[in-house]
Each structure stands twice: as structure tokens, then as C-alpha cells.
Amino acid sequence: MKITSFKPLIVTKDAESAVKLFEELGFEKRHTKEQISLSNATDVRMKDANGFHVDVTQGTGEWTMIRMNVDDLEEAVAFLEARGFHKAKHAVAKDTIDTGTSKFNIMVSASGFILAVSQHTVDMD
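Numbers given to residues run from 1 along each chain, matching the order in which its sequence is written. Restriction of local features to residues with pLDDT of at least 70 applies here, the model being predicted, together with a cutoff of 80 or more for giving and counting side-chain atom pairs; totals for whole chains, interfaces and linings are based on all residues. Only hydrogens and water are set aside; all other atoms, that is, all heavy atoms of the structure, feed into the side-chain values.

### Description of the overall build of the protein chain
Our working definition: A run of H or I in DSSP becomes a helix once it reaches four residues, and a run of E becomes a strand once it reaches two; helices and strands are each numbered from the N terminus. The buried label applies to any residue whose accessible area, calculated with a 1.4 Å probe on protein chains only, is under 20% of its type's maximum; exposed applies above 50%, and partly exposed to all values in between. Contacts are assigned to residue pairs that have any heavy atoms within 4.5 Å of one another.
Assigned secondary structure in the protein chain consists of two helices and nine strands. The order of helices and strands in the protein chain, counted from the N terminus, is β-α-β-β-β-β-α-β-β-β-β. Every one of the 125 residues in the protein chain was classed for burial, and the buried ones make up 41%. Looking at the protein chain alone, contacts between residues at least 24 apart form 56% of all its contacts between residues at least 6 apart.

### With respect to the pairing of strand β1 (residues 3–12)
Applied cut-off: When DSSP locates at least two bridges between a pair of strands, those strands are taken to pair.
Pairing between β1 and strand β5 (residues 63–70): eight bridges, direction antiparallel. Paired with Ser-5 across the bridge in β5 is Asn-69. Taken together, the four bridges between β1 and strand β4 (residues 53–58) define a ladder with parallel strand orientation. Among the inter-strand pairings, Ile-10 is bridged to a residue of β4, identified as Val-56.

### Examining the side chain of Lys-7
Heads up, the condition is: Positive charge is attributed to Lys and Arg, negative charge to Asp and Glu, and no charge count is given to His or to the chain ends. In the sections that follow, a salt bridge refers to a side-chain nitrogen of Lys or Arg positioned within 4 Å of a carboxyl oxygen of Asp or Glu. Any N or O atom pair separated by 3.5 Å or less is treated as a polar contact, with the protein-specific requirement of one donor-capable and one acceptor-capable atom, and with residues adjacent in sequence counted only for side-chain atom pairs.
With respect to the helices and strands, the residue Lys-7 is situated in strand β1. Within the buried core, Lys-7 has no salt-bridge partner, and the shortest N-O distance to an opposite charge, that of Asp-55, equals 5.0 Å. A polar contact of 2.9 Å, which involves the side chain of Lys-7, links it to the side chain of Ser-5. Residues within four places of Lys-7 in sequence aside, it is in contact with Arg-45, His-53, Asp-55, Met-65, Ile-66, Arg-67 and Asn-69.

### Some thoughts on the pattern of salt bridges
Taken as a whole and assessed by the stated rule, the structure comprises five salt bridges. Where Arg-67 meets Asp-43, a salt bridge forms, and the shortest distance between an N and an O atom there is 3.5 Å. In this pair, Arg-67 is assigned in strand β5 and Asp-43 in strand β3 (residues 41–47), connecting sequence segments 24 residues apart. Among the residues examined, Arg-67 registers a relative accessible area of 10% and is labelled buried.

### Notes on the environment of Ile-66
Position of Ile-66 relative to the elements: it lies in strand β5. Judged by relative accessible area, which is 30%, Ile-66 ranks as partly exposed. Among residues more than four places away in sequence, those in contact with Ile-66 are Phe-6, Lys-7, Ile-114, Leu-115 and Ala-116.

Structure below.
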């Protein structure tokens, strides 16, 4: 398994305000994915002039996690499960989600930190 990118992901009930905050901090929208998973979430990828990224997703709760893009999702999930992680139990995120351009799993450590593990199936950059 190769990690292809690593960045913060904010899931919030008020994505519009979070996007505005990061725009005020100098981030620009790179692309938007809509109707992700059963909850039809919208995800906005942002980048600043220094090359830093943040993703903001409209969701039903408030979570901060790390998005880890990999070249092999199944291998990454197996790697994390062997180290005590489990797939999220939330109804929307308990299974692998296919967005049409990527697939991902939300993985939770034994201590509670969250990794959104994703594999791009279509190049977005």
C-alpha cells in the first residue's frame, strides 16, 4: 500500500461557514463532489498558495478526521484492521462508499481517532 496524499477532513453540519473561513485564510476551492453516500453529502477540496489542502464535507454530525488517499483501499483497510481499527458503525459510513471517482472507508482506531481511507478510481487533479 502506498499513501498518495494525507490531509485534514472536516465533516460539519455547517459546511458553508467552514468553507468561508478557509477562503478567508487564503484557501481556494479546487473541486466539489456532490451526492456522496446515502446522505448525499457534498465535499469541497480546498488548497492554499503553500500547497496545503483541507476538505470540508457537509454532513449530519461534527467530526474532524484525516483523509488518507492510498493506491489500494482493500490493502489499507486490512492493514488498519490488523492494528485494531474498525469500520465506522455509523449507518452512512459502515460500508465501502463508491463516489463514482473514488471509493472509501471510514476507519476508527481503538482510541477513537478517525481515518477516512480513500482510493481514487478517476484522476481528479
